[in-house]
Protein chains: 2
Amino acid sequence: MSINDIAKHLKVSKSTVSLVINGKAEQGRISQSLAKRILDYVEEIGYKPNALAKSLATGKSHTIGLIVENIGDSFFGPIALYIEEKLRQYGYHVFYSSTLGNQDNANEILNMMLEKKVEGIILSPTLGQKSPIEKILKKKLPLVLFDRRVEGVEANYVGTDNYVASKNAVQHLFDNGFSRIGFITIESSQPQMLDRLKGYEDVVSDNSVESIIIKLPYQSSIDEFTLKIQSMFKTYPNMDALYFSTNYLCVKTLKILQNINYTNKFGMVAFDDHDLFELYTPTITCVSQPLEELALKAVNSIISQLKENTGEVEEFIIPSKLIIRDSTKK
Amino acid sequence: MSINDIAKHLKVSKSTVSLVINGKAEQGRISQSLAKRILDYVEEIGYKPNALAKSLATGKSHTIGLIVENIGDSFFGPIALYIEEKLRQYGYHVFYSSTLGNQDNANEILNMMLEKKVEGIILSPTLGQKSPIEKILKKKLPLVLFDRRVEGVEANYVGTDNYVASKNAVQHLFDNGFSRIGFITIESSQPQMLDRLKGYEDVVSDNSVESIIIKLPYQSSIDEFTLKIQSMFKTYPNMDALYFSTNYLCVKTLKILQNINYTNKFGMVAFDDHDLFELYTPTITCVSQPLEELALKAVNSIISQLKENTGEVEEFIIPSKLIIRDSTKK
DNA sequence: AAATTTTGCAAAACCGGTTTTGCAATTGAA
DNA sequence: TTCAATTGCAAAACCGGTTTTGCAAAATTT
């Protein structure tokens with residue numbers, strides 16, 4: 001059932017129907033009686049306008065694109081929910097997609113969203129998205145980068161202070177008597193990861209000890225992971241603490257330690273909290289990003305750009321909290 | 001830049017441009033030379049067609065709606081990722097939304113998706129969606145219900161065998177010497193929850209012991225939760241095991257037990273696995289749904305309906321696995 | 001050389017809406 | 001009573017595409 005069908009059935013013009021349906025009867029000088037007749041019929045047949053046609057005509061899709069690395073993970077999943085809820089309050093819906101860190105995926109997704117005429121984009125960029133992002137900026141399409149920046153791009157950004165949080169976390173280990181701290185991270189040049197790495201390196205160097213770093217491929221198999229961890233233990237037998245650049249690396253490592261029945265105890269800190277950390281024995285100290293606040297700022301930024309895009313760039317750095325648990329008590 | 005602009009600039013008609021862009025130059029009998037000229041220009045200016053207009057004209061949005069309860073949770077999140085990945089292989093994108101179990105939300109979301117002309121819907125229904133779902137079926141829009149059924153509705157369905165899995169889980173507790181088993185669930189008449197409940201009740205009654213059930217509101221505060229749990233312990237002091245209808249209830253309960261410093265040990269089984277369960281002390285036995293397979297079946301069902309919707313109804317019941325861990329060893 | 005086919009493209013109709021414009025009929029003012 | 005203003009709606013133009021149809025001009029056939 002289209003607006004044409006309604007018009008034909010009621011023997012009026014479709015412009016009249018459109019005006020009435022959109023509450024512009026007054027403005028279109030449609031008589032109350034005709035308006036009622038139309039509304040009644042619309043109600044009767046349960047007519048719902050075709051949103052594609054509507055968007056095409058009005059230029060408004062009421063949709064925001066959300067591009068994350070992995071909707072299934074314990075950081076992006078909850079964030080996505082918050083973002084969805086908050087955007088709903090403003091009448092916007094979410095079109096999401098996961099890049100899995102893959103640049104080709106990411107660019108394809110971005111294009112798709114632009115073609116679908118999203119009105120704004122919340123993006124956790126992968127590497128190599130500089131030029132696509134610049135295109136978006138040129139179009140003055142509302143954009144906010146999320147969780148990670150892109151080097152050399154001036155865009156709105158929401159994230160935590162990875163460097164400072166990382167420094168605090170590692171210093172906390174030193175303060176509690178750990179000194180041979182291994183850093184487990186992924187092979188990634190993503191800025192937030194580099195910041196966390198730099199935080200580690202700086203503190204380690206401030207404390208004049210050697211840095212111990214292992215980098216794992218983005219999606220390494222459990223076997224590969226296990227081998228790397230084991231060789232790390234062998235190479236640095238007096239290592240007394242582990243610092244993880246992100247929570248799932250810690251979870252994976254714990255599983256491995258359990259599998260290989262490794263009994264040495266380490267001080268431990270992970271970046272990003274996880275259900276597990278509050279309940280594991282020992283409970284695990286972590287850097288906790290305020291997920292809801294991050295989501296809120298991202299949405300606010302999009303909404304304000306939607307109202308008026310001055311092109312002015314704002315950065316929201318939301319401090320993380322170090323949640324101190326048993327894993328850093330000697 | 002629209003197709004009209006291209007046509008004007010090249011002084012050709014937009015139909016010609018459209019045919020060429022869509023690889024139908026042959027069929028439209030456009031000369032190779034003109035086709036090349038058009039393609040070159042399209043390339044040069046980086047033209048991307050407006051997907052809304054395209055969808056409106058072709059009737060194809062290449063989008064599937066995915067409606068889950070909560071994209072942020074450890075069941076739906078990973079499933080959503082699988083679904084997205086698999087649909088991508090078929091050239092479909094995902095429009096998702098979370099209902100949070102709220103019926104009004106759910107129906108609004110459903111309408112929005114219909115208006116946006118998704119070509120199919122993967123739906124974890126809330127209660128009271130019978131009639132909206134029937135509307136979808138009448139339209140012959142590809143649909144697959146996911147994780148939970150709707151009473152009295154004959155629709156494609158993908159889910160696990162909640163009743164059988166639940167029975168096995170509870171029986172496993174009895175087999176291992178537990179006999180006073182409390183069941184912790186949410187106040188919900190969702191079919192999958194009722195099946196899990198029935199599984200519990202039947203096994204408890206088979207073993208001629210009293211059933212102990214507490215039902216919590218869908219999103220209960222931690223305080224409310226704590227009170228209910230404590231009163232359960234008081235009322236049933238000789239309770240020796242807990243069975244949870246879903247994983248986050250178990251996680252929450254563990255946190256509470258830790259908070260209130262409760263030292264009694266229980267046998268434990270949860271429905272749905274969780275990272276925590278493999279690493280908690282003791283490791284926790286659970287019913288594990290094969291997430292990837294569930295996602296795969298749902299996608300396959302949609303794809304096959306997309307090819308040809310015979311209206312034939314299929315149900316895919318994917319068996320769950322009981323993963324036995326330490327929490328059920330006495 | 002005339003008739004027929006084929007080629008190459010433009011024009012038009014359509015998808016389902018919104019919004020501006022235009023015009024007859026009614027009402028109000030002079 | 002005549003002219004102007006207002007009312008009430010239809011018609012048309014537009015959003016940006018796709019697809020069918022139509023029609024010269026060129027190429028073949030007869």
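None of these values were measured; they are calculated from a predicted model. (Residues numbered from 1 in each chain as written. Chains lettered and ligands numbered in written order. Predicted model: local features only at pLDDT ≥ 70, side-chain atom pairs only at ≥ 80, totals over all residues. Heavy atoms only, no water.)

A. Region of the structure containing the nonpolar core. Counting 90 residues, the largest nonpolar core has A:Ile181, A:Tyr243, B:Ile181 and B:Tyr243 as the members making the most contacts within it. In this view, A:Ile181 contacts A:Val170, A:Leu173, A:Phe174, A:Tyr200, A:Ile212, A:Asp240, A:Ala241 and A:Tyr243; residues no more than four positions away in its chain are not counted. Counting 52 residues, the second-largest nonpolar core is a separate cluster that includes A:Ile79, A:Val144, A:Phe146 and B:Val299. (Core = buried A, V, L, I, M, F, W, Y, C linked by side-chain atoms within 4.5 Å. Buried < 20%, exposed > 50% of the residue type's maximum accessible area, 1.4 Å probe, protein only. Contact = heavy atoms within 4.5 Å.)

B. Structural view of the domain arrangement of chain A. Residues and elements named next belong to chain A. The assigned domain composition of chain A is domain 1 (3-49), domain 2 (60-160 + 291-318) and domain 3 (162-289 + 323-328). The straight-line distance from the C-alpha centre of domain 2 to that of domain 3 is 29 Å. Residue-level contacts link 13 residues of domain 2 with 12 residues of domain 3. It is Leu127, Arg148 and Thr160 that lose the most area in domain 2 upon contact with domain 3, and together they represent 37% of the buried surface on that side. Counting across the interface, domain 2 meets domain 3 through 0 salt bridges. Taken together, the links from domain 2 to domain 3 amount to 5 residue pairs in polar contact (both at pLDDT 80 or more). When residues of the side of domain 2 that touches domain 3 are traced back to their parent elements, those giving at least two are strand E5 (157-160) and helix H13 (291-307). (Domains from an automatic or database assignment. Buried area = accessible area lost by both parts, 1.4 Å probe. Salt bridge = Lys/Arg side-chain N within 4 Å of Asp/Glu carboxyl O. Polar contact = N/O pair within 3.5 Å; in protein donor to acceptor, adjacent residues only side chain to side chain. Helix = DSSP H or I, 4+ residues; strand = E, 2+ residues; numbered from the N terminus.)

C. Summary view of the protein's contact with DNA strand D. Within the structure, DNA strand D sits among 28 residues, and A:Ser31, B:Ile3, B:Lys14, B:Ser18 and B:Lys24 are positioned closest to it. Atoms of DNA strand D within 4 Å of the protein belong to the sugar or the phosphate in 51% of instances, the rest to bases. A distance of 2.5 Å separates a phosphate oxygen of DNA strand D from a polar backbone atom of A:Ser31. Within the backbone of B:Ala53, a nitrogen or oxygen atom sits 3.5 Å from a base nitrogen of DNA strand D. Of all the elements, helix H4 (residues 51-58) of chain B adds the most residues to the surface near DNA strand D, at 5 residues. (Near = heavy atom within 4 Å.)

D. Fine view of the interface of chain B and chain A. Taken together, the 48 residues of chain B in the interface contact 48 residues of chain A. Roughly 4400 Å² is buried in total at the junction of chain B and chain A, and carbon and sulfur atoms are behind 60% of that figure. When residues of chain B are sorted by the area they lose upon contact with chain A, B:Leu52, B:Tyr96 and B:Leu279 head the list and together hold 17% of the total. Across the pair B:Asp275 and A:Lys255 runs a salt bridge whose closest N-O atoms are separated by 3.2 Å. At the junction of chain B with chain A, the criterion picks out 22 residue pairs in polar contact (both at pLDDT 80 or more). Among the secondary structure elements, those contributing two or more residues to the side of chain B that touches chain A are H4, strand E1 (63-68), helix H5 (76-89), strand E2 (93-98), helix H6 (103-115), helix H11 (247-259) and helix H12 (275-279) of chain B. Here the side of chain B that touches chain A gets 7 residues from one element, more than from any other, and that element is H5(B). Looking at the side of chain B that touches chain A residue by residue, the class counts come to 21 nonpolar, 17 polar and 10 charged. (Nonpolar A, V, L, I, M, F, W, Y, C, P; charged D, E, K, R; others polar.)

E. Spotlight on a positive patch on the surface. Residues A:Lys48, B:Lys117, B:Lys135, B:Lys138 and B:Lys139 make up a contiguous surface patch of positive charge. Counting through the fold element by element, B:Lys117 comes out in the loop between H6 and strand E3 (120-123). Note on B:Lys117: relative accessible area 36%, which makes it partly exposed. (Patch = residues over 30% accessible without salt bridge, like charges linked within 9 Å, V, L, I, M, F, W, Y side chains within 5 Å. Areas by Shrake-Rupley, 256 points an atom, 1.4 Å probe, with all protein chains shown as cover. Lys, Arg positive; Asp, Glu negative; His and termini not counted. Charge placed at Lys NZ, Arg CZ, Asp CG, Glu CD.)

F. Structural view of unusual backbone geometry. The omega torsion across A:Thr281 and A:Pro282 is -5°, close enough to zero to call that bond cis. Backbone geometry places B:Asp272, a non-glycine residue, at a positive phi of 85°. Mapped onto the elements, B:Asp272 comes out in the loop between strand E9 (267-271) and H12.

G. Quick look at the packing of helix H4 (residues 51-58) of chain A against H4(B). Relative to each other, H4(A) and H4(B) sit at 135°, their axes nearing to 9 Å. In terms of orientation, H4(A) lies oblique with respect to H4(B). Crossing of H4(A) against H4(B): the hand is left-handed. Counted together, A:Leu52, A:Ala53, A:Ser55 and A:Leu56 of H4(A) and B:Leu52, B:Ala53, B:Ser55 and B:Leu56 of H4(B) form the full contact between these two elements. Looking at side-chain class alone, the contact of H4(A) with H4(B) contains 6 nonpolar, 2 polar and no charged residues. (Axes fitted to C-alpha atoms, helices over the stretch in contact; angles between N-to-C directions. Parallel < 35°, antiparallel > 145°, perpendicular 65-115°, else oblique. Left-handed = near helix turned anticlockwise from the far one by under 90°.)

H. A look at the relation of the copies chain B and chain A. Rotating chain B by 180° and moving it 0.0 Å along the rotation axis overlays it on chain A with an RMSD of 0.1 Å. As the rotation angle and translation indicate, the two copies are arranged about a two-fold axis. A shared interface surface links the copies, since 100% of the contact residues of chain B are contact residues in chain A too. (Least-squares fit on C-alpha atoms with pLDDT ≥ 70 in both.)

I. The arrangement of the pattern of salt bridges in detail. Residue and element names in this part refer to chain A. According to the stated counting rule, one finds 26 salt bridges over all chains in the structure shown. Of the charged contacts, one joins Lys86 and Glu292 as a salt bridge, the two residues approaching to 3.3 Å between their closest N and O atoms. Here the residue Lys86 occupies a position in helix H5 (residues 76-89), and Glu292 occupies one in helix H13, the gap between them amounting to 206 residues. Among the residues examined, Lys86 registers a relative accessible area of 14% and is labelled buried. Under the relative-accessibility criterion, Glu292 is labelled partly exposed at 40%. For Glu210, the salt bridge identified is with Arg180, shortest N-O distance 3.3 Å.

J. Local environment of empty space enclosed by the protein. Evaluation of the coordinates by the stated rule reveals 6 cavities of 30 Å³ or more. As a volume, the largest cavity reaches approximately 200 Å³. Lining the largest cavity we find 17 residues, and of these A:Leu52, A:Lys116, B:Leu52, B:Phe95 and B:Lys116 sit closest to its centre. For the lining of the largest cavity, the elements supplying multiple residues, two or more each, are H4 of chain A together with H4 of chain B. Here the lining of the largest cavity is built from residues that sort into 8 nonpolar, 6 polar and 3 charged. The volume enclosed by the second largest cavity comes to roughly 130 Å³. Forming the boundary of the second largest cavity are 15 residues, of which B:Asp73, B:Phe76, B:Arg148, B:Met193 and B:Thr246 lie nearest the centre. Among the elements that take part in the lining of the second largest cavity, helix H9 (residues 191-206) of chain B stands out by supplying 3 residues, more than any other. (1 Å grid on protein atoms, 1.4 Å probe; cavity = no way out; pocket = protein on both sides within 12 Å on 5 of 7 lines; lining within 4 Å. Points joined across faces, edges and corners; volume = space filled by probe spheres on them.)

K. How the structure looks around the packing of aromatic side chains. All names here are of chain A. Counted by the stated rule, this structure contains 17 aromatic pairs over all chains. Ring centres of Phe75 and Phe76 lie 5.0 Å apart, and the angle between their planes is 75°; this geometry places the pair in the edge-to-face category. Judged by relative accessible area, which is 6%, Phe75 ranks as buried. Of the residues examined, Phe76 reaches a relative accessible area of 2% and is grouped as buried. Here Tyr262 and Phe266 contribute two aromatic rings whose centre-to-centre distance is 6.0 Å and whose plane-to-plane angle is 5°, an arrangement assigned as stacked. Taken together through their ring pairs, the aromatic side chains of Phe75, Phe76 and Phe146 make up a single cluster. Over the face of the ring belonging to Tyr157 we find Arg149, whose NZ or CZ atom lies 4.1 Å from the ring centre. (Phe/Tyr/Trp six-rings, centres within 6.5 Å; stacked < 30°, edge-to-face > 60°. Lys NZ or Arg CZ within 6 Å of the ring centre and 35° of its normal.)

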